[in-house]
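Summary of structural features
The chain contents come next:
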Amino acid sequence: MPQPKFKDSPVEVDQHLLFPTNIFDLLPTDHDCFVYESLFQSIDTSEVEKKYHHLGQHAYPPKLIVSILIYAYSHGVFSSRQIERRCRQDLAFMYISQMNCPNFRVLGDFRKNNLSFFHDCFKQSVKAMFVLKVDRSKLS
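Presented here is a report on the structure given in the accompanying data block. Because the structure is a prediction, the values reported are computed rather than measured.

Another aspect to go through is the packing of aromatic side chains. Using the criterion set out here, one finds nine aromatic pairs in the structure. With centroids separated by 5.1 Å and ring planes inclined at 80 degrees, the aromatic side chains of Phe 24 and Tyr 95 adopt a geometry described as edge-to-face. With Phe 24 in the segment before α1 (32–40) and Tyr 95 in helix α5 (residues 91–96), this pair connects stretches of sequence that are 71 residues apart. Taking relative accessible area as the criterion, Phe 24 reaches 15% and is therefore assigned buried. Look at Tyr 36 and Tyr 71: their rings are 5.2 Å apart centre to centre, the planes differ by 85 degrees, and that puts the pair in the edge-to-face class. Highlighted residues: Tyr 36 in helix α1 and Tyr 71 in helix α3 (residues 62–74), separated in sequence by 35 residues. Neither Tyr 36 nor Tyr 71 differs from the other in exposure class; each is buried. These aromatic residues form a ring-pair network of at least three members: Tyr 36, Phe 40, Tyr 71 and Phe 93. When the ring centre of Phe 104 is taken as reference, the NZ or CZ atom of Arg 81 above it lies at 3.9 Å.

Take a look at the structure:
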């Protein structure tokens, strides 16, 4: 009896490069993380940056932490531990966090210590998203 023919694997597992040189090329070009990333550039974090001191351990930029938290909240992830896990495992979260993964305590402490500032940044991002949607609707 002849052997059945099977498809060959499209990937050669012994090759040196299985992923593209930029891992974020795996994300679709219309993924929402790209829209959020451009929104986060417009958020003003100068108010909270004044609290930081030049001495001591290097801190994560407040804009980065706010970006991670807002992106997580907008995707239904509220637990600091879950946000940290997603920053390590989810490609879109890795893009938003710029491959910097703050510890869950850093995220929780930032949220706790800068609650009113965080609320203000969240409002800024919602307004910017609304403006972006209005601009896109004009193009259609």
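Tracing the backbone through its elements, the reader meets Asn 114 in the loop between α6 (104–113) and α7 (115–139). Look at Asn 114 and you get buried, because its relative accessible area is 8%. Setting aside residues up to four positions removed in sequence, Asn 114 forms contacts with Val 48 and Lys 51.

Despite not being glycine, Gln 98 has its phi angle at roughly 55 degrees, a positive value. Residue Met 99 is not a glycine yet carries a positive backbone phi of 65 degrees. Inspection of the secondary structure puts Met 99 in the loop between α5 and α6.

Okay, the environment of Phe 104 next. Tracing the sequence through the fold places Phe 104 in helix α6. On the accessibility criterion, Phe 104 (18% relative accessible area) is buried. Residues Phe 104 and Arg 85, 19 residues apart in the sequence, show an inter-C-alpha distance of 8.7 Å. Ignoring anything within four residues of it in the chain, the contact list for Phe 104 reads Ser 80, Arg 81 and Glu 84.

Turning to α1, a few remarks are in order. Taken as a whole, α1 has its buried residues at Cys 33, Val 35, Tyr 36, Leu 39 and Phe 40. Looking straight down α1, one finds that the buried residues subtend no more than 155 degrees of arc, so they occupy a single side.

In this section: a negative patch on the surface. A contiguous patch of negative charge, built from Asp 44, Glu 47, Glu 49 and Asp 120, is present on the exposed surface. On the secondary structure map, Asp 120 appears in helix α7.

Attention shifts here to the pattern of salt bridges. Here the structure, examined in full by the defined rule, presents three salt bridges. Asp 109 is the partner of Lys 112 in a salt bridge, and the nearest nitrogen-oxygen pair spans 3.7 Å. Of this pair, Lys 112 and Asp 109 are both found in helix α6, three residues apart, which corresponds to roughly one turn of the helix. A relative accessible area of 59% places Lys 112 in the exposed class.

About the thresholds
- Residues numbered from 1 in each chain as written.
- Predicted model: local features only at pLDDT ≥ 70, side-chain atom pairs only at ≥ 80, totals over all residues.
- Heavy atoms only, no water.
- Phe/Tyr/Trp six-rings, centres within 6.5 Å; stacked < 30°, edge-to-face > 60°.
- Helix = DSSP H or I, 4+ residues; strand = E, 2+ residues; numbered from the N terminus.
- Buried < 20%, exposed > 50% of the residue type's maximum accessible area, 1.4 Å probe, protein only.
- Lys NZ or Arg CZ within 6 Å of the ring centre and 35° of its normal.
- Contact = heavy atoms within 4.5 Å.
- Arc of directions from axis to C-beta.
- Patch = residues over 30% accessible without salt bridge, like charges linked within 9 Å, V, L, I, M, F, W, Y side chains within 5 Å.
- Areas by Shrake-Rupley, 256 points an atom, 1.4 Å probe, with all protein chains shown as cover.
- Salt bridge = Lys/Arg side-chain N within 4 Å of Asp/Glu carboxyl O.
- Lys, Arg positive; Asp, Glu negative; His and termini not counted.
- Charge placed at Lys NZ, Arg CZ, Asp CG, Glu CD.

Interpretation in functional terms is not warranted from these geometric data alone.
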